[in-house]
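Listed here are the chains, written in short residue letters.
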Amino acid sequence: MGHHDLRNKYGPRDLRVRLEAEGLPRTTLSFYRYVRLQEVGTLRNELYQEWEALGVLGRIYIAPEGINAQVSVPTGQLDAFRAALDAREAFANVPWKTAVEDDGQSFLKLAIKVKSKVVADGLADDAFDVTNVGTHLDAASFNRKMEEGALVVDMRNNYECLIGHFEGAYLPKADTFRGAIEEVVVALRRVQRDNDQDILLYCTGGIRCEKASAYLKHEGFMNVGQLHGGIIDYARQIKAQGLPSKYMGQNFVFDERLAERITDDVVSACMQCGTKSDRITNCHEATCNMLLVQCEACAAKYADCCSPSCMEIHQLPIEAQRAWRKGRSTRSTKTKAINDPESLRQRIREEEEMLALNGTLHPSVALARGEDAPELTNVNRQPATRA
Ligand SMILES: [Zn+2]
Ligand SMILES: [Zn+2]
């Protein structure tokens with residue numbers, strides 16, 4: 001079979017019809033491993049043939065540094081899939097995690113992509129051994145080490161830590177993995193009592209800690225542990241074993257839900273009014289779409305938007321919104337957050353003042369709607385209070 005055959009050939013509609021017609025119960029699972037892989041192009045094609053024959057769907061990244069896979073497997077083929085993985089030394093006994101909520105429709109096709117890295121982290125991997133990872137810890141050991149005085153570090157991006165984190169964890173300010181790890185190295189050198197003090201890393205599902213722990217070991221840190229399976233599996237373990245949760249609040253997740261609650265603690269405040277809240281949401285104005293923590297009252301007050309300016313656009317008739325968006329890019333990413341609530345509140349105050357003066361924050365939009373707004377003849381002049 002030529003390489004051109006080793007990819008999906010159908011459109012999304014056909015794929016959905018095929019999946020529904022198939023009617024097989026499916027199990028969604030994920031796994032990853034940092035491991036040196038040779039000739040990844042050839043490996044990719046072999047995996048594609050093997051897995052396609054088993055009816056596997058999903059999104060898989062392979063790179064010289066390892067594999068990161070999320071797949072949906074016909075439940076009747078799980079044993080065969082396990083055997084296919086174990087038959088390859090690089091993937092033998094790789095632990096996989098099964099999705100808890102699963103409608104079997106998580107993937108429509110099989111896509112295996114060759115990448116330079118399985119996680120885009122901006123680190124120079126050649127400089128350190130990515131397979132020399134930290135000790136994997138289960139929930140009970142992680143808790144025990146915390147009680148014994150370990151330093152705990154959150155390896156997620158700043159916006160993910162907003163609404164929940166481990167008690168007393170160091171929360172990096174950086175909004176990229178690379179920025180966070182560099183920041184962590186500096187912070188640990190400052191606060192670590194001595195080189196024997198345990199360092200505990202955690203992230204959402206565990207993969208980022210694989211790389212981060214290897215990097216910290218390369219930087220000379222000795223006792224580096226990592227939460228195996230991440231917060232997601234920690235939550236499952238504490239529930240199953242009746243352990244106390246040292247993670248407080250919600251876990252940020254990368255799907256429609258945005259968050260899943262781990263404990264009832266509320267560790268954050270509404271970015272607009274400052275009251276205690278961990279309701280995370282996106283600004284509903286499509287070109288903004290910024291993540292923010294917003295209480296119910298502010299959501300009502302600002303029509304689910306981050307600011308009066310976004311609210312004004314969001315409340316226009318749909319046609320006028322479309323016209324306004326023309327030429328502006330709509331941000332579909334859910335991964336940009338407001339990170340300075342104080343300046344957001346300042347901006348809201350200023351916008352509210354302007355609004356009171358002019359009746360609009362978007363004069364051109366108001367004009368296009370043919371509104372009677374006499375002060376708009378002076379749109380280029382700053383309002384008197386700001387002159
Ligand atoms: Zn509020
Ligand atoms: Zn907004």
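## Looking at the overall build of the protein chain
Looking only at helices and strands, one finds 13 helices and 14 strands in the protein chain. The burial tally for the protein chain puts 32% of its 387 residues in the buried class. Sequence separation of 24 or more characterises 65% of the internal contacts of the protein chain that already satisfy a separation of 6 or more.

## Quick notes on the sheet that holds strand E4 (residues 97-98)
Taken together, the five strands give an open sheet; going across it, the order is E4-E1-E3-E2-E5, and neighbouring strands pair in mixed fashion. Taken across any chain shown, the strands that pair with only one partner, and hence form the sheet edges, are E4 and strand E5 (110-114). With five bridges joining them, strand E2 (residues 57-63) and E5 adopt parallel strand pairing. Bridge assignment links Gly-58 to a residue of E5, and that residue is Leu-110.

## As for the nonpolar core
The biggest cluster of nonpolar side chains holds 37 residues, and the ones touching the most others in it are Val-153, Met-155, Ile-199, Leu-200, Leu-201, Tyr-202 and Tyr-234. Among the elements of the structure, helix H4 (139-147), strand E7 (151-154), helix H6 (177-191), strand E9 (199-202), helix H7 (207-218), strand E10 (224-227) and helix H8 (230-241) are those that each provide at least two residues to this core. Once residues within four sequence positions are removed from consideration, Val-153 is found in contact with Ala-169, Tyr-170, Val-184, Ile-199, Leu-200 and Leu-201.

## Thoughts on H8
Here H8 is 12 residues long and its end C-alpha atoms lie 16 Å apart, about the 16 Å a rise of 1.5 Å per residue gives. Every buried residue of H8 is listed here: Gly-230, Ile-231, Ile-232, Tyr-234, Ala-235 and Ile-238. In this fold, the buried residues of H8 make contact with H4, E9, E10 and strand E11 (247-252).

## Looking at the domain arrangement of the protein chain
Domain boundaries in the protein chain define domain 1 (3-114), domain 2 (125-248) and domain 3 (280-386). In this structure, domain 1 and domain 2 have C-alpha centres spaced 28 Å apart. The interface of domain 1 with domain 2 comprises seven residues on the first partner and nine residues on the second. Residue composition of the side of domain 1 that touches domain 2, grouped by class: three nonpolar, one polar and three charged.

## Here we look at the sheet that holds strand E12 (residues 259-261)
With antiparallel pairing, three strands are arranged side by side in an open sheet as E8-E11-E12. The outermost strands of the open sheet, each flanked by one partner alone, are strand E8 (164-166) and E12. With direction set aside, neighbouring strand axes in the sheet form an average angle of 40 degrees. Pairing geometry for E8 and E11, over three bridges, is antiparallel. From the neighbouring strand, Phe-166 faces E11, where its bridge partner is Tyr-247.

## Structural notes on the environment of Asp-129
With respect to the element layout, Asp-129 can be found in the loop between E5 and strand E6 (135-137). Classification of Asp-129 as partly exposed rests on a count of 14 C-beta atoms within 10 Å. In sequence terms Asp-129 and Arg-36 are 93 residues apart; their C-alpha atoms lie 9.9 Å from each other. Ignoring anything within four residues of it in the chain, the contact list for Asp-129 reads Ala-214 and His-218.

About the criteria used
- Residues numbered from 1 in each chain as written.
- Chains lettered and ligands numbered in written order.
- Predicted model: local features only at pLDDT ≥ 70, side-chain atom pairs only at ≥ 80, totals over all residues.
- Helix = DSSP H or I, 4+ residues; strand = E, 2+ residues; numbered from the N terminus.
- Buried ≥ 20, exposed ≤ 12 C-beta atoms within 10 Å, placed from the backbone.
- Contact = placed C-beta atoms within 7 Å.
- Pairing = 2+ DSSP bridges.
- Core = buried A, V, L, I, M, F, W, Y, C linked by C-beta atoms within 7 Å.
- Expected span 1.5 Å × (residues − 1).
- Domains from an automatic or database assignment.
- Nonpolar A, V, L, I, M, F, W, Y, C, P; charged D, E, K, R; others polar.
- Axes fitted to C-alpha atoms, helices over the stretch in contact; angles between N-to-C directions.

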